[in-house]
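So you can see what is in the structure, the chains are spelled out below.
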Amino acid sequence: MFKLDVLQNMSTEEKYKYMLILIEGQCSTEKNSLANLSNASAIIKACLDKLNWVGFYIMRGDELVLGPFQGMPACNRIKLGNGVCGSAAALKKVQRIDNVHNFSGHIACDFATNSEIVIPIIKENKVYAVLDLDSPEFNRFTELEEKYLIKFVEKLNKYINWEEV
């Protein structure tokens, strides 16, 4: 059972540290990767504020396919190199975009989105997925979020069998 009422009295960084504890607890007690990814998106949505979408896109050939998420319906497929997610996967590099409207090739799945951060999920130099967070606020994501989301992905990589997702 997840205890989320404690978040109300925490600082931003304390929430992010708690988020890492929650995902560790979730993944260490459940072996099903799909269940863990589903709860992972819910954990992030609960611990980070000012989000309108959080979820995963899973690599399938030369494109990303929609995986577990929280938010409005989203694009089903994104070609490698297209949009913020496709760029993160192709470049194997975090994409932190303060204003998505200034990002050449941005794919607008939700017109409410104004900023975005995408963390590529890489294991043994192979991209398996991306973690995508969208916000209706401009400049929403900072180095602090990037730092903790990278740690979050590292915890996922410890438990998720990406070959079976």
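Everything below is about the structure shown above.
The rules we used
- Residues numbered from 1 in each chain as written.
- Predicted model: local features only at pLDDT ≥ 70, side-chain atom pairs only at ≥ 80, totals over all residues.
- Heavy atoms only, no water.
- Phe/Tyr/Trp six-rings, centres within 6.5 Å; stacked < 30°, edge-to-face > 60°.
- Helix = DSSP H or I, 4+ residues; strand = E, 2+ residues; numbered from the N terminus.
- Buried < 20%, exposed > 50% of the residue type's maximum accessible area, 1.4 Å probe, protein only.
- Salt bridge = Lys/Arg side-chain N within 4 Å of Asp/Glu carboxyl O.
- Contact = heavy atoms within 4.5 Å.
- Polar contact = N/O pair within 3.5 Å; in protein donor to acceptor, adjacent residues only side chain to side chain.

Describe the packing of aromatic side chains, listing the residues and the values that go with them.
Within the structure shown, the criterion is met by three aromatic pairs. A ring pair is formed by Tyr-16 and Tyr-148, whose centres lie 5.8 Å apart and whose planes are at 55 degrees; its orientation type is tilted. Remark: Tyr-148 occurs in helix α4 (residues 143-159) and Tyr-16 occurs in helix α1 (residues 12-29); sequence separation between them is 132 residues. Like Tyr-148, Tyr-16 is buried. With 5.2 Å between their ring centres and 15 degrees between their planes, Trp-53 and Phe-69 make a pair best called stacked.

Describe the pattern of salt bridges, and please don't skip the residues or the numbers.
Considering all chains together, one arrives at nine salt bridges under this definition. A salt bridge links Glu-163 to Lys-126, with the nearest nitrogen and oxygen atoms 3.8 Å apart. You can see Glu-163 sitting in the segment after α4 and its partner Lys-126 sitting in strand β6 (residues 126-135), a full 37 residues away along the chain. Look at Glu-163 and you get exposed, because its relative accessible area is 56%. Its salt-bridge partner being Arg-140, residue Glu-145 comes within 3.1 Å of it at the nearest N-O pair. The pair formed by Glu-145 and Arg-140 is uniform in burial state, with each residue classed as buried. One network of salt bridges, with partners in common, ties together Glu-24, Lys-155 and Lys-158.

Break down helix α3 (residues 83-91) for me, with residues and values.
Of all nine residues in α3, seven are buried; the element is thus mostly enclosed. Burial in α3 covers these residues: Gly-83, Val-84, Cys-85, Gly-86, Ser-87, Ala-88 and Ala-89. Contacts made by the buried residues of α3 are with β1 (53-60), β2 (63-71), β3 (77-79), β4 (95-97), β5 (115-123) and β6.

Let's hear about the environment of Cys-27: which residues, and what values?
Take Cys-27: it is sitting in helix α1. Contacts of Cys-27, omitting those with residues within four sequence positions, involve Asn-36, Leu-156 and Tyr-159.

Break down the side chain of Ser-115 for me, citing the residues and quoting the values.
With respect to the secondary-structure elements, Ser-115 resides in strand β5. Residue class for Ser-115 comes out buried when judged on its relative accessible area of 0%. From its side chain, Ser-115 meets the backbone nitrogen of Arg-140 in a polar contact 3.5 Å long. Contacts of Ser-115, omitting those with residues within four sequence positions, involve Ile-97, Asp-98, Val-100, Leu-133, Asp-134, Ser-135, Glu-137, Phe-138, Asn-139, Arg-140 and Phe-141.

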